[in-house]
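If you want the building blocks of each chain, they are given just below.
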Amino acid sequence: MGKIKTILGDNIRTLRIEKGWTQVYLADRLQITAPFLAQIESGKRGTSLELVESVADLFGIPIASLFLEQITNYAESESYVRDVELKIAEKQLQEIISENITKTFERLRKK
């Protein structure tokens, strides 16, 4: 078994259990079979990047976190996502403010 498959499978299982979901329930949400999910969780099978993206979306976590050797618990993952979103929002606000300042100075120079 490849290390990546094992890490991915362990993380999916951990997240599923934290939610209290069965393999059947998660498989249904992902539109795959429970035996296929069991093979992924056990690290016996790899999967497509599209399915990995669906898993991350379903749990509301960054895709990359599914490949960390020790995934943080669900609450910490949500916190991480919020931090990333806040940093993006901060950067966008800085760009808007900078653009507005530039426009204001241009108008003042024209007077």
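Quick caveat: nothing in here was measured; it's all calculated off a predicted structure.

1. A closer look at the nonpolar core
Nonpolar side chains tend to gather and get buried jointly when the protein is soluble and globular.
Piece 1. The biggest cluster of nonpolar side chains holds 17 residues, and the ones touching the most others in it are Ile12, Leu26, Val55, Phe59, Ile61 and Leu66.
Piece 2. No other element matches helix H4 (residues 49–59), which puts five residues into this core.

2. Quick look at the pattern of salt bridges
Piece 1. Counting across every chain of the model gives four salt bridges.
Piece 2. For Glu69, the salt bridge goes to Lys3, with nearest N and O atoms at 3.3 Å. Taken as a pair, Glu69 in the loop between H4 and helix H5 (74–110) and Lys3 in helix H1 (residues 3–19) lie far apart in primary sequence, 66 residues in all.
Piece 3. The exposure class assigned to Lys3 is exposed, which follows from its relative accessible area of 54%.
Piece 4. Measuring nitrogen to oxygen at the nearest pair gives 2.6 Å for the salt bridge that ties Arg16 to Glu41. You can see Arg16 sitting in helix H1 and its partner Glu41 sitting in helix H3 (residues 34–41), a full 25 residues away along the chain.

Rules behind the numbers
- Residues numbered from 1 in each chain as written.
- Predicted model: local features only at pLDDT ≥ 70, side-chain atom pairs only at ≥ 80, totals over all residues.
- Heavy atoms only, no water.
- Core = buried A, V, L, I, M, F, W, Y, C linked by side-chain atoms within 4.5 Å.
- Buried < 20%, exposed > 50% of the residue type's maximum accessible area, 1.4 Å probe, protein only.
- Helix = DSSP H or I, 4+ residues; strand = E, 2+ residues; numbered from the N terminus.
- Salt bridge = Lys/Arg side-chain N within 4 Å of Asp/Glu carboxyl O.

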